[in-house]
Amino acid sequence: MARSRRDVIAQVVADYMQQTSLHGYRYLTEPGRHWFERLLWLVVHALATGGVVWQVNTMYHEYRTQVPITTVQSTHYHVSLVPFPAVAICDINKIRKSRVQALAAKLIREHGLASVTQEELTGLLRFLGRLYDHSREGEEYIMRLEELFITYNVTLDYRGVMQMLGTQCDELLLACRWAGKAKPCTELFETRKTMEGYCCTFNYVRPTDNFDTRLHANGSIATVKTSRYDETGEVVAEDAQRSLADGPMMGLSVLVNSNISDYFYPLLPTTGVKLLVFNPNDYPDTASGGLIEKLVMAQEEVFFTLSSVTTKPTAEVVGLSKERRGCLFNNEKILFSNFYSYSDCLMDCRVQSMRNLCGCLPFYSPVKGKEEDTRVCEIGDLRCLNKHTEMWQTLRPRQDLPGLELEMTQSLECNECFPACGDTVYHVETTSMPLQQVLMDHSNFLRGFKVENHSAFHIYFGSTSQSLMNKSVRMAWPDLLSNVGGICGVFVGFSAMSVIEFLYFFTLRVFVALSSRRRMSLGRAAVAGSVGFQGFTPAPLTGHKPAAAARAGPPAPRYPKELLSAGVVLTPTTAPADGGHFSWGRYSFHSQPQSHQAQQHGPRRY
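Source: prediction; values computed, not measured.

A. Representation of the overall build of the protein within the structure. Of the regular secondary structure elements, the protein holds 19 helices and 17 strands. A buried classification covers 44% of the 606 residues belonging to the protein. Of the roughly 31400 Å² that the protein leaves accessible, carbon and sulfur atoms contribute 55%.

This is how it looks when you write it as structure tokens:
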């Protein structure tokens, strides 16, 4: 009897269960097994499959929600591979007395300020220093100065005036040495904008103090290509100075003249200079956490010992969203030149807030776009600047903090700013001692100078071995595949070959079995229609010669086993017109359609 399609598929399933490489599945269909054994194995397989699904789902969830981890790759990262930090020297005294006196005399002479004396105007001009700290102390004097400017139509170029009133680099820096060689300070330092105003900066590789002063025709900001990227996509500061060895002789040494007699508006109640240490690519901003501030007071010699931690991301971190990795790569948010830094992003956020709230920018702030299109904050803007200064200095956390709802509303929101994925962080240890004349006389670097208002500092790496960190993921895609394969192998013996095996049985094997069944059905129908017999299967014959006598009684209908197994469709090669002898290859039948006896007993065998 012909097998149905369901029987064919059931046979394939049984074959698969008997031959699969998965553990224990053959016991479910193995002949002779008791029903209780089958039930027991069915429960075991259900528990094992459930365990696999639960473990794989848990592991995949961890993979999808993982955050980067930072691990130590090396503690012997050579110092020559680490950029020397940028160093800014800022005079604590922001307005020199001699300079403001000269400015007062010039304003009276050019604008005819008859209602005020030079001495009185000099005292009022001191409050221009409020543009640094935005304090409103002495507001009556500030209002008086503002009235004078309005009455006599005085317009100041605040950027130029504030830079002129401060100490110039050639006056502040007397002697410089870098990497063991004495060099003119003008070759090592230049005047640049910082959060402390105009300072003398060393190794600050940015091409401009602003975000960019050039605009494309469509209004978008142009970029200045000054750096290249390494294999991880992080910026390589090609122009940054590097120290080839450790120790004071291989670092930066500077002799500073504070000129205390010319102090007029110091920001701190002390004398000397403030040192800013930061990444050469970053804008020196305190809120970013990458700026180190140190004091070098007058008549002191200070030794600053550097150490660094360099973090480099791996390629797997790129595939994570910025919220999960908590950092940005250089090509994701470009603000300054052609690379990204956290301090740039925070400064850009602060600049936008200043423009929106006060309609101006302090003279030391970087400008986004053209400088002439941005209004510089004046004396009359101090009320607005003072009102929002605390907010601009406080960065709002990304998560709401219970009990600090009011403080959360009075802080700067910069949710688009993330730390850079690859960065170098510097640490500074300080040792100081009085600057003694006898020691200066025995120093090749300091010989010839007298201890008056002077101070000296040395900044250098304390070791040739620095730290290198890797920012990576706990589980990369190959790790996930390996872990899943291990779990599946432990529970059910599953592997990649099991998948191929399953596909083979339930695609190719099913297709072949169903095709064979269809060919057998067609062959059977062809035989029955040609010979004129229905309801029986012809038996194989051994020759073509007719038998001597017919069998007694009807023969048992049989069909050749080899034809059944091969599913061959028989077509006659010889078909006489008289309906007699038919031949299908090695199988031969003698047909007598008109004979009732032949119809009863089937074909004769030759």
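B. Highlighting the pairing of strand S12 (residues 300-313). Bridge count between S12 and strand S13 (residues 423-434): 12 bridges; the pairing is antiparallel. Bridge pairing links valine 302 to serine 432 in S13. Pairing between S12 and strand S15 (residues 465-472): five bridges, direction parallel. Each bridged residue has a counterpart across the sheet, and for threonine 311 the counterpart in S15 is methionine 469.

C. How the structure looks around the sheet that holds strand S5 (residues 189-194). If you walk across this open sheet you meet the five strands as S5-S6-S2-S10-S11, and the pairing is antiparallel. Edge positions in the sheet fall to S5 and strand S11 (292-297), since each has one partner strand and no second. On average, each strand axis in the sheet is tilted by 35° relative to the strand beside it, whichever way the strands run. Relative to strand S6 (residues 197-202), S5 runs antiparallel, the two being bridged by six bridges. Looking at S6, one finds that lysine 193 is bridged to tyrosine 198.

D. Local environment of the UniProt feature "transmembrane region" (unreviewed entry) in the protein. As annotated in UniProt, the feature "transmembrane region" (unreviewed entry) corresponds to residues 490-514 in the numbering used here. From the first C-alpha to the last, residues 490-514 spans 35 Å; its make-up is 88% helix and 0% strand.

E. Here's a closer look at the nonpolar core. Formed by 65 residues in total, the largest nonpolar core has its most connected members in Leu121, Leu125 and Leu128. When residues of this core are assigned to their parent elements, the largest contribution, eight residues, is made by helix H12 (residues 342-358). Leaving out residues up to four positions away in the same chain, leucine 125 has contacts with Ile95, Val100, Leu103, Ala104, Leu107, Leu145 and Phe149. In terms of nonpolar packing, the next biggest core, distinct from the first, is built from 33 residues, Trp178, Leu188, Phe202 and Val428 among them.

F. Seen up close, the state of the cysteines. A full pass over the atoms with the stated rule returns eight disulfides. Between the sulfur of cysteine 90 and that of cysteine 199 lies a disulfide, 2.0 Å long from S to S. On the S-S bond that ties cysteine 90 to cysteine 199, the torsion sits near 110°, and the link is right-handed. Of the two residues, cysteine 90 is situated in strand S2 (residues 86-91) and cysteine 199 in strand S6; the sequence distance between them amounts to 109 residues. When sorted by exposure, cysteine 90 lands in the same class as cysteine 199, which is buried. With a sulfur-sulfur separation of 2.1 Å, cysteine 360 is cross-linked through a disulfide to cysteine 377. Taking the sign of the torsion about the S-S bond as the criterion, the disulfide between cysteine 360 and cysteine 377, at about 95°, is right-handed. One end of the pair, cysteine 360, is in the loop between H12 and helix H13 (382-393); the other, cysteine 377, is in the loop between H12 and H13, with 17 residues separating them in the sequence. With respect to burial, cysteine 360 and cysteine 377 carry one shared label: buried.

G. Quick peek at unusual backbone geometry. Phi at histidine 134 takes a positive value of approximately 60°, unusual for a residue other than glycine. With respect to the helices, strands and loops of the structure, histidine 134 is situated in the loop between helix H5 (130-133) and helix H6 (139-151). Residue asparagine 259 is not a glycine yet carries a positive backbone phi of 50°. Counting through the fold element by element, asparagine 259 comes out in the loop between strand S9 (252-257) and strand S10 (272-278). By relative accessible area, which is 21% here, asparagine 259 ends up partly exposed.

Basis of the calculations
- Residues numbered from 1 in each chain as written.
- Predicted model: local features only at pLDDT ≥ 70, side-chain atom pairs only at ≥ 80, totals over all residues.
- Heavy atoms only, no water.
- Helix = DSSP H or I, 4+ residues; strand = E, 2+ residues; numbered from the N terminus.
- Buried < 20%, exposed > 50% of the residue type's maximum accessible area, 1.4 Å probe, protein only.
- Areas by Shrake-Rupley, 256 points an atom, 1.4 Å probe, with all protein chains shown as cover.
- Pairing = 2+ DSSP bridges.
- Axes fitted to C-alpha atoms, helices over the stretch in contact; angles between N-to-C directions.
- UniProt positions renumbered as here; feature names shortened; annotations may be inferred.
- Core = buried A, V, L, I, M, F, W, Y, C linked by side-chain atoms within 4.5 Å.
- Contact = heavy atoms within 4.5 Å.
- Disulfide = S-S within 2.5 Å.

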